[in-house]
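# Fold and geometry: a report
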Amino acid sequence: MNTYTIALAGNPNTGKSTLFNTLTGLRQHTGNWAGKTVVKAEGEFVHNSSSFRIIDLPGTYSLYSNSADEETARDYIIFEQPDVTIVVLDATSLERNLNLALQVLEMTHRVVVCINLMDEAEKLGIDIDLAAISRKLGVPVAAISARSRQGIPPLLDLVEKVAAGILVPQPLMVRYSDETERQLAELEPQVRCILGTRFPSRWVALRLLDGDENLLSSIKARMNEEGIRPEQEVVSYGRTACH
Amino acid sequence: MVFRMVSYGIALSDAKMGSRIRLNRIDIQGVMRRRLLDLGFVPGNVVEVIQKSPLGDPTAYRISGTTIALRKEESSLIYGELEGEDAE
Amino acid sequence: MAAPLATNSPDPLDSLLEAARSAAHGTAIRDGIVSDIYRTSREICSDAVKVRDKQKLAGTHKLDKVLTSKLWGFPIMLAILGAIFWITIAGANVPSGWIADFFGIIEGYLTAGFQALHAPAWLHGILVLGFFRGTSWVISVMLPPMLIFFPIFALLENFGYLPRVAFNMDRLFKKSGGHGKQALTMSMGFGCNAAAIMSTRIIESPRERMLAILTNNFVPCNGRWPTLILLSSLFMAVGAVGGLHTFVTAMVVMGIVMFGIAVTLTVSWVLSKTALRGVPTHYTLELPPYRRPQMFKTILLATRDKSWNVLKRAVIVAAPAGILTWILGNIMISGTSILAHIAAFFDPFAHMIGLDGYIIMAFVLGLPANEIVLPILLMGYMSSGAMVDADGLDNIKDLFLQHGWTWLTALNMMLFSLLHYPCGTTLFNIYKETKSTKWTVLSAVIPLVIAITVTFITAQVFRALGWV
């Protein structure tokens, strides 16, 4: 039996913990306010012929490491590299929630977007065209109501397919201003050259351009820990040999 | 600071209940600026003023499909142009 | 490739950093990045999301127009709090009696069993009168109110009311130098202060988080509700009968809670002017749409969680405490039990603050968990010669009266319970979260000083006025 690791990411109060409870049969406390879950929770479940280890990341508004929570969530996705990251979105506030989904798509292509609270959206008179969203994002999208356990099996089918590599998402990359794109084009090859393909180079380049220097120290610490050395063809005057 | 001959319109804190403001400037720096950006307070986005707290402050704003409360300290540093009722 | 990195060559990662800095030309691009992401989000939503009916979306706002309105915001908040207390008190009385009766019958059988086996008296004492009675006490007094209070509270929480409380009260917290989200961590404190300490992580500013940690125990927790409810029902609502009695009891409990909130704000204010000086940091609070809670599931889960919690604490903490209390109450030194010696030691001090030595001793021994303060007190009283069968509420009152209780004793015990140092688990969590011995000690000392001061003042003032 295949064992996969999946992470739940999403804004605070999107029902991640409810989904986590539904999947694992565990009982994290849930409540209708932002910040209810402060501790990372972990559980396990089986679906079809695969078993899954699932991690409920802290709910965050972004993954730019403005806070300890955001750093935890970011580090998990970047360093632990779960087989699938489920981005849980609140159907009643998709616009704000997609902000986070787009950030995750820059970090990994193995994403399933899960739109939760469909029942609430229905009540509020919000219609969501799932196919359109899936087409635009380039990743599979499932609609669920975690509280009433609706839509869970189709979601897990998608998760399993992405985990097994049967489904390979082609995520949308946000296009930034010409200036930023030019800078990215300059920096990304160097990132790829030094860090290899282990990390998403466009994302790392973007973070570096944004001045997120502690990301590099995290990467450095991580590489030391794993005994991996960055690209070592360093010539004596200190420039990397790859171009 | 570069001086620009642009009107920044009104601060969120001065906007009437129910009015809609298209944001054009956020005069806050550091972590709070980044937090506000994450919540959707980005130039170009439209904010609707919803409701004051019973004690007069904070005020709830509708932005990107969510409701966020801000204190006067912050909302007085976020500027935008008044939008017409039907503008989207 | 396998050659070790020359130690004096620059780290490739550092050179990457250099490259990034030069590429960015030192400009801040975060605004642009986030704006572009939001623009993309908006484009996706404008195509894929249709709002059929704007009126429906306005429903949450309409409700907020009432629940957070200038006129109704606070009255509704108070009414909801009062109603929860009223329902809890009205509903808990009868089942509490049933459970106590049930355990009383079991105790009778156990005693008969011990006699049939010719077990020594001390074994019966420790196991039945100590262990069993201590445990059954916690369960019968604690379980029913908790099983009513927490499901109702969970319903409110799932409905989305808590952020509105934080929204309504923010101005007060700002004035006292605290964070608006302190209202949320306080709400968690109603359940358990130890858990609430963890929930203060939602406050990012270390200074304001510390304020929330240091003041959290002024919100009565799980372990203290029953003490407050029992004492106000026995002593504060005398004279009122029937429905009015329940109402008065609920109002007294609510008064105590309001006083706790007032103390929280005052202590926050003083600390933020002294040891934790600083300006309030920035604040954003999300007000999620109201959601209709799943009645059945929420009630079931809250009930199961709380009953498990109470039972666990009863066995883990109350049981050994029951045994210890029994031993202390039955080992005699020069004709008096150790318990009585300790009580006599605390007595003069206790009298100054309107309590007695047994009460102080119960609070001292109750450090591991607030749940056991009342049982220890009762066992202490019972071991001191008063032969009372403590399985009915009236009998408990008789027991208290025999030990010279007045309404002032009850009031001060409630105040002391509300204000005194947090329980052992909470202190442990405070240490874990702050990593500071100094603040952990302060988080016990500050409340203790306040508890002693307040009860001293009430005792002295009411006695001077001749009210007692």
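Residues numbered from 1 in each chain as written. Chains lettered and ligands numbered in written order. Predicted model: local features only at pLDDT ≥ 70, side-chain atom pairs only at ≥ 80, totals over all residues. Heavy atoms only, no water.

## Brief notes about the overall build of chain C
- Helix and strand content of chain C: 19 helices and four strands.
- Overall, the C-alpha framework of chain C stretches about 85 × 65 × 50 Å when taken along its three principal axes.
- Out of the 468 residues belonging to chain C, those deemed buried represent 57%.
- The contacts in chain C between residues at least 6 apart in sequence include a share of 75% that link residues at least 24 apart.
- Carbon and sulfur atoms form 71% of the exposed surface of chain C, whose accessible area is close to 19,700 Å².
- Here chain C holds 35 positive side-chain charges and 25 negative ones, and the gap between their average locations is 7 Å. (Helix = DSSP H or I, 4+ residues; strand = E, 2+ residues; numbered from the N terminus. Buried < 20%, exposed > 50% of the residue type's maximum accessible area, 1.4 Å probe, protein only. Contact = heavy atoms within 4.5 Å. Areas by Shrake-Rupley, 256 points an atom, 1.4 Å probe, with all protein chains shown as cover. Lys, Arg positive; Asp, Glu negative; His and termini not counted. Charge placed at Lys NZ, Arg CZ, Asp CG, Glu CD.)

## Details of the pattern of salt bridges
- All chains considered together, the criterion is met by 34 salt bridges over all chains.
- The residue Asp75(A) makes a salt bridge to Arg74(A) at a minimum N-O spacing of 3.0 Å.
- Residue Arg74(A) is classed as buried on the basis of its relative accessible area, which comes to 0%.
- When the shortest N-O distance is used, the salt bridge between Arg96(A) and Glu286(C) registers 3.0 Å. In this pair, Arg96(A) is assigned in helix H3 (residues 94–107) and Glu286(C) in strand S2 (residues 284–286), connecting two distinct chains. Neither Arg96(A) nor Glu286(C) differs from the other in exposure class; each is buried.
- Each of the salt bridges in this network shares a partner with another, and the network as a whole consists of Arg74(A), Asp75(A), Arg207(A), Asp210(A), Asp212(A) and Arg30(C). (Salt bridge = Lys/Arg side-chain N within 4 Å of Asp/Glu carboxyl O.)

## Details of the interface of chain B and chain C
- Between chain B and chain C, the contact holds 36 residues from the first and 34 residues from the second.
- Taken as a group, Pro54(B), Leu55(B) and Arg71(B) account for 25% of the area that chain B buries against chain C, more than any other trio of residues on that side.
- Counting across the chain B and chain C interface gives five salt bridges.
- Between Arg35(B) and Glu204(C) there is a salt bridge, with its nearest N and O atoms 3.1 Å apart.
- In this assembly, chain B and chain C are joined by 15 residue pairs in polar contact (both at pLDDT 80 or more).
- The element best represented in the side of chain B that touches chain C is helix H1 (residues 30–38) of chain B, accounting for seven residues.
- Considering only residue class, the side of chain B that touches chain C consists of 15 nonpolar, 10 polar and 11 charged. (Buried area = accessible area lost by both parts, 1.4 Å probe. Polar contact = N/O pair within 3.5 Å; in protein donor to acceptor, adjacent residues only side chain to side chain. Nonpolar A, V, L, I, M, F, W, Y, C, P; charged D, E, K, R; others polar.)

## Quick notes on the UniProt feature "domain: Ferrous iron transport protein B C-terminal" (unreviewed entry) in chain C
- On the UniProt side, "domain: Ferrous iron transport protein B C-terminal" (unreviewed entry) is annotated at positions that read residues 253–298 of chain C here.
- In the segment residues 253–298 of chain C, helix accounts for 54% and strand for 7%; the C-alpha atoms at its two ends are 25 Å apart. (UniProt positions renumbered as here; feature names shortened; annotations may be inferred.)

## Thoughts on unusual backbone geometry
- Cis geometry is found at the peptide bond from Asp57(B) to Pro58(B), where omega equals 0°.
- Among the structural elements, Pro58(B) can be located in the loop between strand S3 (46–52) and strand S4 (59–63).
- One non-glycine residue, Leu117(A), adopts positive backbone phi at about 65°.
- By the secondary structure assignment, Leu117(A) is in the loop between strand S5 (111–116) and helix H4 (118–123).
- When its relative accessible area of 4% is taken as the criterion, Leu117(A) is described as buried.
- Residues other than glycine seldom take positive phi values, yet Lys435(C) does so here, at roughly 55°.
- Along the chain, the position of Lys435(C) falls in the loop between helix H18 (424–434) and helix H19 (437–464).

## Quick notes on the sheet that holds strand S1 (residues 10–11) of chain B
- Strand order in this open sheet of seven strands is S1(B)-S6(B)-S2(B)-S3(B)-S4(B)-S5(B)-S2(C), and the pairing throughout is antiparallel. Either end of the sheet is taken by a strand with one partner, and the two such strands are S1 of chain B together with S2 of chain C. (Pairing = 2+ DSSP bridges.)

## Here we look at the packing of aromatic side chains
Residue and element names in this part refer to chain C.
- By the definition in use, this model includes 23 aromatic pairs over all chains.
- Here Phe85 and Phe149 contribute two aromatic rings whose centre-to-centre distance is 6.2 Å and whose plane-to-plane angle is 10°, an arrangement assigned as stacked. Placement of the pair is Phe85 in helix H4 (residues 73–116) and Phe149 in helix H5 (residues 121–159), with a sequence separation of 64 residues. This pair shows no difference in class: Phe85 is buried, exactly as Phe149 is.
- When the centroid spacing of 4.8 Å and the interplanar angle of 50° are considered together, the rings of Phe363 and Phe416 count as tilted. (Phe/Tyr/Trp six-rings, centres within 6.5 Å; stacked < 30°, edge-to-face > 60°.)

## Focus: the pairing of S4(B)
Residue and element names in this part refer to chain B.
- Most of S4 sits out of view: five of its five residues are buried.
- Residues Thr59, Tyr61 and Ile63 point to one face of S4 and Ala60 and Arg62 to the other, with burial holding for every one of them.
- The pairing of S4 with strand S5 (residues 66–70) spans five bridges and is antiparallel. Pairing of Ile63 across the sheet is with Thr66, part of S5.
- Where S4 folds back onto S5 in an antiparallel hairpin, the turn is made up of two residues, including Ser64, whose phi is positive at roughly 45°.

## Some details on the environment of Ala121(A)
All names here are of chain A.
- Relative to the elements of secondary structure, Ala121 occurs in helix H4.
- Taking the C-alpha atoms as reference points, Ala121 and His109, 12 residues apart in sequence, are found 27 Å from one another.
- Leaving out residues up to four positions away in the same chain, Ala121 has contacts with Ala91, Thr92 and Ile126.

## Some points on the sheet that holds strand S7 (residues 141–143) of chain A
All names here are of chain A.
- If you walk across this open sheet you meet the six strands as S2-S3-S1-S4-S5-S7, and the pairing is mixed. The open sheet has two edge strands, strand S2 (41–47) and S7, and neither has a second partner. Ignoring strand direction, the axes of neighbouring strands in this sheet form an average angle of 25°.
- Bridge count for strand S1 (residues 2–10) against strand S3 (residues 50–56) is seven bridges, and the pairing is parallel. Bridging from a neighbouring strand, Ala7 pairs with Ile55 of S3.
- Packing against the sheet, helix H2 (residues 68–80) makes contact with S1, S3 and strand S4 (84–90), and its axis sits at approximately 150° to S1.
- Seen against the sheet, helix H5 (residues 130–137) touches S5 and S7 and runs at an angle of roughly 155° to S7. (Axes fitted to C-alpha atoms, helices over the stretch in contact; angles between N-to-C directions.)

## Comments concerning the pairing of S1(A)
All names here are of chain A.
- Summarising burial for S1: seven of the nine residues are buried, a large majority.
- Examined bridge by bridge, S1 and S4 share five bridges and lie parallel to one another. Considered in S4, the bridge of Gly10 is made with Val88.

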